[in-house]
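One letter stands for each residue in the lines below.
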Amino acid sequence: MADELSTFSAAFLPAVESEMRAVLRADGATAVPADPFYGMIHYHMGWADEGLQPAGGDSGKRIRPILCLLACAAAGGDWRQAVPAAAAIEILHNFSLVHDDIEDDSPTRRGRRTVWTLWGQPQAINTGDAMFALAHLALGRLADRGVPPDTVVRALRRFDETSVALTRGQHADMTFETRAAVNVEEYVAMITGKTAVLVALCAELGALVAGADDAQVDHFAAFGLNLGLAFQVQDDILGIWGDEGVTGKSAATDITTRKKTLPVLYALERNEELRALYEASTQDDGMFVRRVVTLLDETGARPYAVERATDYSDEALAHLAAARPVQPGATALQQLTDMLLRRDF
Ligand code: IPE
Ligand code: IPE
Ligand code: MG
Ligand code: MG
């Protein structure tokens, strides 16, 4: 990781982790050993093993809280004040993953079994519900850090609006599975909802807590939105060509569940055999997946998607420049943008 970014991350991550542990009852003061309710949350967060005993698992990249706190610093604020917002967004993100893994029939997440495969779908739904409410409680803690009440209320409203947009994006993603054709415009609207609005919220709330003016907050939000779009296109690429051992997610599921990811919809428009495979077949074995990947490669779907991700990333950087960020947060945000575009994890 580049210098400024790694220096900030080293300070941010313990602060966010301890804030989330306090809210999710996993810190020394509130932890209930092997609590069957909070334990499932702790398992998902990477703090407990399958037997709900404390353990260090893969907690994910934590890019959303890092982005939120960096935006606060780059907008001239004290990042410590934004820690509750960073924690709330990361909890909301993790809630969405618990439900997403049910919705997508995904057996693995971060190289571990998903909550629903261990405890069943009804309990996993309930775990996600609790995390959704806990995310709100986490955001309310902004008030304990001297953030003005009207800023807290504005943050809560944006948090809820974003949650609605996110679930709407998930709705579109699922309806696309059974639709033969989806165009790029519909796809962009879908990923804007399921992924980009939450990444946008990170930058927006960071700037808001810093006391930035409306124009600056808007540029930070637009920076986050385009970063989120680039991030999701890259996730689509990794969902097909990524290494399972590195991403921690099974590589074939996007194909077997007929996800209309960007490379797939690009190739569907151009290749009849692929259309026939996706429309007619209920086949989801290894041979099917290999044939689909071959056809995607033949149509040039991968370089097309890489180009689109690069365009979004460039657009993000243009908004970042317009937000007139201060150093050293500004450089760290550029490094984060660059790292996310080139990630293989
Ligand atoms: C996964 O997000 C869901 C998407 C929006 C692609 P991340 O790739 O940020 O997941 P973790 O938190 O690092 O595991
Ligand atoms: C990401 O969904 C968006 C949300 C979870 C809200 P995906 O289904 O595209 O992400 P992965 O590939 O499972 O992480
Ligand atoms: Mg999904
Ligand atoms: Mg998924």
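Let us look at the structure shown here. Treat the numbers as computed from the prediction; the structure is a model and nothing was measured.

Thresholds applied
- Residues numbered from 1 in each chain as written.
- Chains lettered and ligands numbered in written order.
- Predicted model: local features only at pLDDT ≥ 70, side-chain atom pairs only at ≥ 80, totals over all residues.
- Heavy atoms only, no water.
- Core = buried A, V, L, I, M, F, W, Y, C linked by side-chain atoms within 4.5 Å.
- Buried < 20%, exposed > 50% of the residue type's maximum accessible area, 1.4 Å probe, protein only.
- Helix = DSSP H or I, 4+ residues; strand = E, 2+ residues; numbered from the N terminus.
- Contact = heavy atoms within 4.5 Å.
- Near = heavy atom within 4 Å.
- Polar contact = N/O pair within 3.5 Å; in protein donor to acceptor, adjacent residues only side chain to side chain.
- Areas by Shrake-Rupley, 256 points an atom, 1.4 Å probe, with all protein chains shown as cover.
- Nonpolar A, V, L, I, M, F, W, Y, C, P; charged D, E, K, R; others polar.
- Expected span 1.5 Å × (residues − 1).

Observations concerning the nonpolar core
Residues L70 and F220 are the most contacted members of the largest nonpolar core, which totals 77 residues. The element contributing the most residues to this core is helix α4 (residues 83-103), with eleven residues. Setting aside residues no more than four positions away along its own chain, L70 makes contact with L5, F8, F12, A332, L333 and L336. Membership of the second largest hydrophobic core comes to 35 residues, among which are V233, L268, L295 and L296.

Regarding the site of ligand 2
With respect to spatial proximity, the complete set of residues near ligand 2 consists of S96, L97, D100, D104, R109, L166, Q170, K194, Q232, D235 and K249. Between ligand 2 and D104 there is a distance of 2.6 Å, counted from an oxygen atom to a side-chain nitrogen or oxygen. Starting from 390 Å² of accessible surface for ligand 2 in isolation, the protein chains cover 88%. Mapped by element, the contributors of at least two residues to the shell around ligand 2 are α4, α7 (149-177) and α9 (214-241). In terms of residue count, the dominant contributor to the shell around ligand 2 is α4 (three residues). Class assignment of the residues belonging to the shell around ligand 2 gives a composition of two nonpolar, three polar and six charged.

Remarks on helix α15 (residues 301-322)
An α-helical turn contains 3.6 residues, so a residue and the one three or four places further along point in the same direction. In this model α15 runs 32 Å from its N-terminal to its C-terminal C-alpha over 22 residues, within 8% of the 32 Å that 1.5 Å per residue would give. Residues of α15 that are buried include every one of A301, Y304, A305, A309, Y312, S313, A316, H319 and L320, and no others. In this structure, the buried side of α15 is in contact with α8 (184-209), α9, α12 (262-270), α14 (286-299) and α16 (329-341). Just beyond α15, the residue with positive phi is R324, at close to 50 degrees.

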